[in-house]
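# Observations on the three-dimensional arrangement
Residue-level listing of the chains:
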Amino acid sequence: MARVTLSRSKLRTNYKNLEDLLEREDVSWGAVSKLFCGDMSFIGEVLDLGIAEVHDSRIANLRAIKEQHPEVRTVYIKPAAHSAISDVVAWADVSFHSEMSTLEELNGEARRQGTTHEVVIMVEMGDLREGVLPEDLLGFYRQALQFQHIRVSGIGTNLNCLSGVLPSEEALDELVTLRDLLEKETGETLDLISAGTTVTLPLLESGDLPDGINHFRIGEALYFGQNLVEEKTFDGWHDDVLELHADVIELREKSMAPSGPMGTNPFGNVAEETDDRIAHRAIVDIGYLDVNPDFIVPSLPGIKIIDAASDMLVLDLGENPRDIAVGDTITFRLEYMGALHVMSSNYIGKEVVDTEAAGAGIAACDMEIAVAS
């Protein structure tokens, strides 16, 4: 059975690197857990690091966390659907919002539940996902202050997640200026400017993050060690905390080009392969049901992904110098969207491993293949 593994010690290394960087700059942060799709074995490893605040975009995941770890501060990080308001108030300590009608619903539900719900107002800073327009923010904030069962603790923004807009000193300076304006005009204090995500870490690392940005929401750096601006792994971090392992279920020498009358495949595509090589083609037990092959990379050099069907992935092994055989396991490095897909698949096993054990297993497998060759 195909499975995804989480390396406990590699996760801890990335966590220590994050803690060292964020503590040095006196920035608070929470771990984004939505990647794990509510799998509590993996989320438990994150909480065991000592993380006190968890962010997710699925209320069912926050409920699972809150039921097992009531002491953890839970944050719902997308504007809530009105039909989910009661659950948001019940299971999220904080939620992010940009619609006044939703705040009205939240206020009423918080009153019914006998509580005060904490809110961060999201501001549009160019990426064109969620957010109140800057010119409308003061009026929006004044209205939000009228609700008796809502406490606005800060403002935030989201960059890079939709249009790819990178954070800049200028944009984040503007956000700090907006915070200062809100405080000056209303006399209220805003605790947070939540404008940091993995893509903002290079600004923090270089010392160019504007004063006032004091809260980060981190997922990709923790699980993939990624510097998203330079599109590489941070030095000393791990990009393989999560790995996908799939079994070889067929391996034969075949032509690399299909033959016969050509039509469209189930995805509406027509093969245009002109490679006339005869090569070792391996099939492994994952497919589009589990993951988009554009977001996984074979860990061993010399292996190429040809294409996938709904439940099979076809690989080009070339001359197969490692003598890979049916029954062997191929390991893949996961990009963020690849990990999100496999974590949401009920057909993929999930397993926590120690780095030493995982490393030994990979080395033994590679050695066996090398000896066979």
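Owing to the predicted nature of the structure, the values given are computational and were not obtained by experimental measurement.

Turning our eyes to something else, we now look at the sheet that holds strand β2 (residues 28-32). With respect to topology, eight strands assemble into a closed barrel ordered β2-β3-β4-β5-β6-β7-β8-β9, the strand pairing being parallel. Strand-to-strand, the axes of this sheet are offset by a mean angle of 30°, without reference to chain direction. The sheet contact formed by strand β3 (residues 53-56) and strand β4 (residues 73-76) spans four bridges and is parallel. Following the sheet pairing, His-55 is matched in β4 by Val-75. Its contacts with the sheet put helix α1 (residues 8-24) on β2 and β9 (215-218), and the angle it makes with β2 is roughly 155°.

Residue-level pLDDT values for the chain average 92, and 92% of them are 70 or greater. Across residues 357-373, confidence stays below pLDDT 50; counting only partners more than four residues off in sequence or on other chains, it has 13 contacts.

On to the environment of Ser-83, then. Structurally, Ser-83 can be placed in the loop between β4 and α4 (85-91). A relative accessible area of 73% means that Ser-83 is categorised as exposed. Along the primary structure Ser-83 and Glu-188 are separated by 105 residues, whereas in three dimensions their C-alpha atoms are 31 Å apart.

What counts and how
- Residues numbered from 1 in each chain as written.
- Predicted model: local features only at pLDDT ≥ 70, side-chain atom pairs only at ≥ 80, totals over all residues.
- Heavy atoms only, no water.
- Pairing = 2+ DSSP bridges.
- Helix = DSSP H or I, 4+ residues; strand = E, 2+ residues; numbered from the N terminus.
- Axes fitted to C-alpha atoms, helices over the stretch in contact; angles between N-to-C directions.
- Contact = heavy atoms within 4.5 Å.
- pLDDT = per-residue confidence, 0-100.
- Buried < 20%, exposed > 50% of the residue type's maximum accessible area, 1.4 Å probe, protein only.

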